[in-house]
Amino acid sequence: MLDGWWERARAHGFTPDDLSSITQQSPDRSQPADTTVFGVLTGSDGVCATTSVFGRNELLHGLAHLGIPDANGEVQPLAMAASDLQALADRFLASPHVRQLTEPEGRDDGQFTTVAALAVQEGIVARYIEGLCSRHGEVDPEVVAGAIARHPKLSAEQRCLVRSFCLSGDQLQCAIGRAGAGKTTTMAAAVDAWQQAGFKVLGAAVKGEAARTLASAAGITCETVAWHLAHTDPTSSPLDARTVLIVDEASTISDTDLDRLGWLTEQTGATLRLIGDPAQHGAVAAGGMFRVLCEHDAGTTPELTESHRLQHPADRLAVDALREGRIAEALDALQGAGHLHIARDDLDIYTAMLSHWWNAHQAGDHHPMVDRRNTTRHQLNRLAHRLLQANGEVGAAELKATGGRAFSVGDRITARTPARHLHPDDDPASYVRNGATGTVTALHERHDRTAEAITVDFDDLGTIKLPRSFFDEHQGPDGRRIVGIDLAYSLTSYAVQGATFDTSTSRIDEGANRPEAYVDTTRGRHANHLYLTRATDPLDGEHLPKAPPLPLTASITDRLARSGPQPTAWELLQERPHGAPEAPSLEPER
C-alpha cells in the first residue's frame, strides 16, 4: 500500500524530498529488525496476550495492528506492503519462538503457540503434579469432622468438598463450584477446619469485590491476586508453610498469574486451593489452565453442582442445558417460562429493559441491567438516572464527568478500578475495590473543577470522598484510559459474576459467547430475563448486497453452540499424533 502511495505521488511530481521539506523530518523507510518485532510478538501484549493458541490469519491481523518502538521510543505501526507482512509472518512461524500445535488441513494453516506461552502452561502442570500427596494443608480427619458438624446446613456435596480440600495433602488442588452452589459457604467450613488445625488461612480473587465477598463470608483476610503477586519475595510474603491460600472465582485467573502463584507457594511452602466455575467468564488475558486442571484430574476435583440460588425450575433447566451445550433446549425453557424476550431494534431493547428494570425497582427488587456493549450500557445508565430524577429518588443537581456521565445525590455507582489511597478515615484496609458499589451522598462543586469531589457511602466499606482526578477519565497503571466510577444501573456480565439478585435483566446478541449467557442467566433467584437482539452490523449503511440473515434465535443458538471453551496450547499438544513431541502428561500417580 505504501509503495503504491509513493508511486502515485511521484506521478504527480511529489517526492520524498518534498515531504521532508514540509514536515522538517526525513522519511524513515527502514523496517525494524525481525528480532525487535518477534520480541513484541512474544511479549505480554503480543500474539498470545488473550489466548495461548493462534493461526496464521490471527498473526497477520496482529502484525497489521502491532506497535513497534522506534529509535526515540515512540510506538509506530508497521508500514510495509502486504507481501512483506506475509513474509514476516512466515519467518515468525518458522522461528524458534513458535511451536506448531496442529498440522495444516485444507484452508486451515494449522494452529500455533509461542514457546513462552507453552512454557507457562507446562510449568503449571509440572508444579501441580509435583505437589500431589505432599501433605500440604493436611488436617486430622477428626478435626475436619468437627468443623463439618459446626456447619450443619452443608449439603452432602459441600461436606465432600471440605473433606477433599482438607485431607488430600496436595499443594495445589482445584474445585468446581457452579453458579449459586454455595462456594463461599463451603469455604467457611474448610477455613474452620484449617484454623482448628493451626493453619493461617488467607483468601484472594482477581476482582477486588470478589475478594471482599470471600472475606466477609469466610471470615478471613483477603486481597487481590495482583496484591499477592506484588509480594513475590518469599522472605516478606505473608505466605509460609502453615498458610492456606484460597483463590475464589478461579476461572478468571490468567495462566501467567496462576504460574506465578504456583511458584510463590512452591517457594514459601504454602498450600493453594482454587475454586471457581470453568463454565463462567475466563481470564481477560490468556487463560484456561484452571479448567484444564479440573477436567484432566476430574477424579480428585470435587464439584458443587446443586444451585441454591436458582428457584425457578425453568431457569434451572435452562442453565443446565446451556452448560452442556444444548442451546436450543435452554432457550426453549426460558421462553416457556416467559423469561426470553426478542427485541426488534435498539429502541425496543431500551424500552423493554428499562420497563422491566423500573417495575422491579418500584417493587423493591434492585438489580442492574446487564449488557456487554459500552454504548448500550451508557444509554441505559443515563436513562435510568433520568427516570430516578423524574421520580424524585435522586437529586436534581448533577456533577458532570467525562464521557457524558453525570452523578447526583442518591445515585448508585460502581467502582471501575481499584484505588488503595482512597478509603475511610483511619481504615486503610477498606479501600476502593474494583466492582465495589455504593450510593452518592454528597457532591462537592468548586470554581476550580480539579478540586471537585463526590462522597460515596460504599456497601460494607464505608464513606469515601472521591476526587475528580479519580472519577474522571485518567490514565491507569497499564497506560489505558480509565474512569474511576460509573453509574451502576447497567453493568457488564463480567462485573456481575459472583453477584446474586432476586431478578436479573440481561441482553445478548450474535456476538455473545456461552460463558456470558450462562452468567447472565444465573444471577436471579426467582427469574432470569434474557433479551435477544441483533448484533451491530459494521457494514450497515454501506448498501452492500447481503445474504438473508438467519432468524434471530437460530443465529444466537448457532453462536452460543460454537463459543464453548477454547482448547489451550497444552491440550492441543497432548492431542498430537502418536510419535509427535508432546507436553508433559497430566496423569497423576497417587
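Residues numbered from 1 in each chain as written. Predicted model: local features only at pLDDT ≥ 70, side-chain atom pairs only at ≥ 80, totals over all residues. Heavy atoms only, no water.

J.: Which residues make up the pairing of strand β15 (residues 412-415), and what values go with them?
T.: Looking at chain direction, β15 and strand β16 (residues 437-444) are connected through three bridges and run antiparallel. The residue of β16 that forms the bridge with Thr414 is Thr437. In this structure, β15 lies alongside strand β21 (residues 485-487), joined through three bridges in antiparallel fashion. Each bridged residue has a counterpart across the sheet, and for Ile413 the counterpart in β21 is Leu487. (Pairing = 2+ DSSP bridges. Helix = DSSP H or I, 4+ residues; strand = E, 2+ residues; numbered from the N terminus.)

J.: For the packing of aromatic side chains, give the residues involved together with the corresponding values.
T.: Evaluation of the coordinates by the stated rule reveals six aromatic pairs. Both rings, one in Trp357 and one in Trp358, keep their centres 6.1 Å apart while their planes meet at 45°; by these two values the pair is tilted. Among the aromatic residues, ring-to-ring pairing joins Trp357, Trp358 and Tyr489 into one connected group. In this arrangement the basic side chain of Lys207 is found over the ring face of Tyr494, its NZ or CZ atom lying 5.4 Å from the centre. When the ring centre of Phe199 is taken as reference, the NZ or CZ atom of Arg242 above it lies at 3.8 Å. (Phe/Tyr/Trp six-rings, centres within 6.5 Å; stacked < 30°, edge-to-face > 60°. Lys NZ or Arg CZ within 6 Å of the ring centre and 35° of its normal.)

J.: Before we move on, could you go through the sheet that holds strand β22 (residues 490-491) and cite the residues and values that matter?
T.: Taken together, five strands build an open sheet; the order of strands is β11-β24-β23-β12-β22 and the sheet is parallel. Edge positions in the sheet fall to β11 (340-342) and β22, since each of these pairs with one other strand and no more. Strand direction decides the pairing type here: strand β12 (residues 369-370) and β22, joined by two bridges, are parallel. Bridge pairing links Met369 to Ser490 in β22. Its contacts with the sheet put helix α16 (residues 346-362) on β11, β12, β23 (501-508) and β24 (524-532), and the angle it makes with β23 is roughly 175°. (Contact = heavy atoms within 4.5 Å. Axes fitted to C-alpha atoms, helices over the stretch in contact; angles between N-to-C directions.)

J.: Summarise helix α12 (residues 255-268); cite the residues concerned and give the values.
T.: Taking 1.5 Å as the rise per residue, α12 with 14 residues should run 20 Å; its terminal C-alpha atoms sit 20 Å apart, in good agreement. Residues of α12 that are buried include every one of Asp255, Leu258, Asp259, Leu261, Gly262, Leu264, Thr265 and Thr268, and no others. Where the residues of α12 are buried, they touch α6 (115-130), α11 (225-229), β8 (243-247), β9 (271-276) and α13 (289-296). At the exit of α12 stands Gly269, carrying a positive phi of roughly 80°. (Expected span 1.5 Å × (residues − 1). Buried < 20%, exposed > 50% of the residue type's maximum accessible area, 1.4 Å probe, protein only.)

J.: Describe in detail the packing of helix α3 (residues 34-41) against helix α5 (residues 82-93), supporting the description with residues and values.
T.: How two helices sit against one another is set out by the angle between their axes and by the gap between those axes. The contact between α3 and α5 brings their axes to 11 Å, and the two run at 70°. The angle between α3 and α5 places the two elements in the roughly perpendicular class. For the pair α3 and α5, the crossing hand works out as right-handed. Together, Asp34, Val37, Phe38 and Leu41 of α3 and Leu88, Arg91 and Phe92 of α5 make up the contact between the two elements. (Parallel < 35°, antiparallel > 145°, perpendicular 65-115°, else oblique. Left-handed = near helix turned anticlockwise from the far one by under 90°.)

J.: An account of the pattern of salt bridges is requested, with residue identities and associated values reported.
T.: Scanning the entire structure with this criterion turns up 33 salt bridges. With a shortest N-O distance of 3.0 Å, Asp192 and Arg150 are connected by a salt bridge. Of this pair, Asp192 sits in helix α9 (residues 183-196) while Arg150 sits in the loop between α7 (141-149) and α8 (156-167), placing them 42 residues apart in sequence. Accessibility expressed as a relative area gives 44% for Arg150, which makes it partly exposed. One salt bridge in this structure joins Arg178 and Glu303, with 3.1 Å as the shortest N-O distance. Placement of Arg178 in the loop between β5 (172-177) and α9 and of Glu303 in strand β10 (residues 303-304) is noted, with a sequence separation of 125 residues between them. With a relative accessible area of 30%, Glu303 lands in the partly exposed category. The network of salt bridges with common partners includes Asp371, Arg372, Arg507, Asp509 and Glu516. (Salt bridge = Lys/Arg side-chain N within 4 Å of Asp/Glu carboxyl O.)

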